[in-house]
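Coordinates in review
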Amino acid sequence: MKVKTKATAILFAASLPFSLQAGEVEDLKAQMMQMQKRLAELEKKQKQTAEASATVVEELAALQNEGLFQAVDITKSHSGLGAAASKVYYTQNPLSIGGYGEMYWADSSDKTAITDVYRFVPYIGYKFNDWIVLNTELEFEHGGNEVAVEFMYLDFLLDNNYNIRVGNQLVPMGLVNQRHEPTLFPTVQRPETETLIIPSTWHETGVIVYGELGMPSLTYHLGFINALNVNSDDTKIGNIKWLRNGRWGSSEKAPMGKVAVTGRLDYSGIDGLTVGVSAYYGNGSNRDIDNVNGTSLFIYDLHAIYRYEAVTLKGLFTQAMLDDAEKIGPDAVEEAEGYYLTAEYDIMSHFNNKYRLPIFVQYENYNPVKETVSGIGELDDIENITFGLNFYPHEQVVLKTDYQIKDRNDGSDEEETLSVGIGFIF
C-alpha cells in the first residue's frame, strides 16, 4: 500500500509541469520572486535588530562598568578643564557627580601654625542630549564658612571647531585657573602669581566660543565676560589684592555695566610640549556708582608645559596694566607683574609604575603693586623659593609637603613656611 502511494505521488509530481498552463507557470514565478523579496526584507530586519541589540548590550555593559557614577579618567580634559571637571563630557550616564578636596597644615616662622579644611568642591553635571551639557562647580571653603557657585554654565557642543559656552564660567587664563584641582599642581598652595595677578580662581558670567583651529593641536577660546572692577579703595591704597578683589564671580546681582573680552590660544603639536598665550581687556571700572570712564585694564600671560618621561617643566609670565589710573586716584596701582618656573622629577618612575613620587622646586618672582600713579605704595619684587615632594598612592589622591622661603626684598626677614597637605579628585 505504501509503495503504491509513493509511486502515485511521484507520477503526479512528474506530470504536474505538463498539466499547468503557461499563465499558471508565470504566476508561480511571480510568487517565488515575491517570496524571495520577503525573505531578503526579513534578513535585513533581522540584521538591524541584531545591531540594535548589540548597541544596547554595549551601553548596558558600559553602565554596569560605571556603576551609578563614572570614575575619573585622568587622561581626559575637555576644553582645558581638569579631569574631574571634565567627567560629564565623557560619561555614558546623563548625570555626573565628581569633585575635589584639599586641606593643609602650615607653620610659618613669623606666624602661629594653622590647619584649614581649605576646600571641598562637588561638580554636578547633566547631559540633556549629546550636544547640550550643564556643568557646575560648588565650593565650600574653610570648613564650609564660605560657600559659592564656582561655575554654572551650559555648553552647546556644535563642532570640534566651534562650541558655545554660556553662563558663569572659568576665565581661560593661566595654567591654574582652568586646572585648579590639587592633583594638577605640586605645591600645597597655588602659585601666588596666579592668585594675585591672574587672579585664580577667577570666574565670571559671559559667553565664550571655543574649539580647534583646524587641528586638534591648536585650540582657542574667545568671548565676552563681566569686567573686573578695580575702581575701588583696594586700588587707591595699593592693596596687593586689588585685582583679586575686583572679581564679581557669582555674586548676588553683580553689576554688569561693563563687559570685557578674553581669549586664549594653545599649541600642543610638539610631543610633550604645550605653549600658549591668554589675555583679558576691559574697562577698569564696573560699578553702578562713581563710574570712572576712560580707564582700561589689560592682563596677559605667556605659559608653557613640557613633559618628558619622568620630568615635567612649567613656566608662566603675566602682567597687568591699568591705563589712565590717575582717574581713580593719585596712588592707584598702574602695573602688576610676575612669573614662576617649576621643575618636577618622579623618582619612582624607574622602580614602580603603580605609584608616583615627584620631587619639585619652584621659583617665583612677582609684584602685585609694581607701579602706582604717584610712586607711593610701590612694593619691591617678592621672591618665593619652594621645594618639596608629592606622593600619589592613587592617581586621584596626593599627599603633599613643601618648604617655602619668601623674601620680600624690603629689608625684612625672610619668611619660612613648612606645609603639609592632602588632595583628591573623584
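Quick note: structure is the one above.
Summarised in this report is the structure supplied together with it. Quick caveat, the model's predicted, so the values are computed rather than measured.

Some remarks on the nonpolar core
A general feature of soluble globular proteins is that nonpolar side chains tend to end up buried together. By size, the foremost hydrophobic cluster in this structure holds 27 residues, and its most contacted members are Trp202, Trp242, Leu243, Tyr280, Leu297 and Ile299. Going through the elements one at a time, strand E10 (296-308), strand E11 (311-323), strand E12 (333-346) and strand E13 (358-372) are the ones with two or more residues in this core. Apart from the residues lying within four places of it in its own chain, the contact partners of Trp242 are Val230, Asp234, Thr235, Leu297, Leu322, Val333, Ala336 and Pro368. Core analysis: the second largest hydrophobic core is formed by 15 residues, Leu81, Ala85, Val88 and Tyr123 among them.

Comments concerning the packing of aromatic side chains
Using the criterion set out here, one finds 14 aromatic pairs in the structure. Between Phe298 and Tyr300, the aromatic rings sit 5.7 Å apart at their centres with planes inclined by 25°, giving stacked as the arrangement. Members of the aromatic cluster, connected to one another through ring pairs, are Tyr100, Tyr123, Phe151 and Tyr153. A cation over an aromatic ring shows up here: Arg119 above the ring of Tyr118, its NZ or CZ 4.0 Å from the ring centre. Arg356 extends its terminal NZ or CZ atom over the ring of Tyr392, reaching a point 4.0 Å from the ring centre.

Some points on the pattern of salt bridges
A complete count under the given rule lists 10 salt bridges for this structure. Note that Glu102 and Arg119 form a salt bridge whose closest N and O atoms lie 2.8 Å from each other. Taken together, the residues Glu102 in strand E1 (residues 95-108) and Arg119 in strand E2 (residues 114-127) connect sequence positions 17 residues apart. Summarising the burial analysis for this pair, Glu102 and Arg119 share the class buried. Between Arg165 and Asp155 there is a salt bridge; the shortest N-O distance is 2.9 Å. Of this pair, Arg165 sits in strand E5 (residues 162-170) while Asp155 sits in strand E4 (residues 146-159), placing them 10 residues apart in sequence. Of the residues examined, Asp155 reaches a relative accessible area of 0% and is grouped as buried.

Notes on the layout of surface pockets
Taken as a whole, the second largest pocket encloses approximately 1400 Å³ of empty space. Counting residues per element, the lining of the second largest pocket draws most heavily on E4, which supplies 5 residues. The residue inventory of the lining of the second largest pocket, partitioned by class, reads 15 nonpolar, 17 polar and 17 charged.

Observations concerning the side chain of Thr417
On the secondary structure map, Thr417 appears in strand E16 (residues 415-425). At 2.8 Å, the side chain of Thr417 forms a polar contact with the side chain of Ser108. Setting aside anything within four residues of it in sequence, one finds Thr417 in contact with Ala106, Asp107, Ser108, Asp402, Tyr403 and Gln404.

Regarding the pairing of E10
As a general feature of sheets, a regular strand has side chains that alternate between the two faces. Looking at chain direction, strand E9 (residues 273-283) and E10 are connected through 11 bridges and run antiparallel. If you follow Tyr280 over to E10, its bridge partner there is Ile299. Pairing geometry for E10 and E11, over 13 bridges, is antiparallel. Within the sheet, the bridge partner assigned to Ile299 lies in E11 and is Ala320. Counting the residues between successive antiparallel strands, the hairpin from E10 to E11 contains 2 residues, one of them, Glu309, with a positive phi of roughly 50°.

Comments concerning a nonpolar patch on the surface
A cluster of nonpolar side chains, Leu95, Ile97, Phe120, Ile124, Tyr126, Phe128, Phe140, Val147, Leu154 and Phe426, forms an exposed patch at the surface whose accessible area comes to about 810 Å². At the level of secondary structure, the elements contributing two or more residues to the nonpolar patch comprise E1, E2 and E4. Take the nonpolar patch: its biggest share by element is 3 residues, from E2. Along the chain, the position of Leu154 falls in strand E4. Judged by relative accessible area, Leu154 falls into the partly exposed class, the value being 31%.

Reading the values: rules and limits
- Residues numbered from 1 in each chain as written.
- Predicted model: local features only at pLDDT ≥ 70, side-chain atom pairs only at ≥ 80, totals over all residues.
- Heavy atoms only, no water.
- Core = buried A, V, L, I, M, F, W, Y, C linked by side-chain atoms within 4.5 Å.
- Buried < 20%, exposed > 50% of the residue type's maximum accessible area, 1.4 Å probe, protein only.
- Helix = DSSP H or I, 4+ residues; strand = E, 2+ residues; numbered from the N terminus.
- Contact = heavy atoms within 4.5 Å.
- Phe/Tyr/Trp six-rings, centres within 6.5 Å; stacked < 30°, edge-to-face > 60°.
- Lys NZ or Arg CZ within 6 Å of the ring centre and 35° of its normal.
- Salt bridge = Lys/Arg side-chain N within 4 Å of Asp/Glu carboxyl O.
- 1 Å grid on protein atoms, 1.4 Å probe; cavity = no way out; pocket = protein on both sides within 12 Å on 5 of 7 lines; lining within 4 Å.
- Points joined across faces, edges and corners; volume = space filled by probe spheres on them.
- Nonpolar A, V, L, I, M, F, W, Y, C, P; charged D, E, K, R; others polar.
- Polar contact = N/O pair within 3.5 Å; in protein donor to acceptor, adjacent residues only side chain to side chain.
- Pairing = 2+ DSSP bridges.
- Patch = residues over 30% accessible without salt bridge, like charges linked within 9 Å, V, L, I, M, F, W, Y side chains within 5 Å.
- Areas by Shrake-Rupley, 256 points an atom, 1.4 Å probe, with all protein chains shown as cover.

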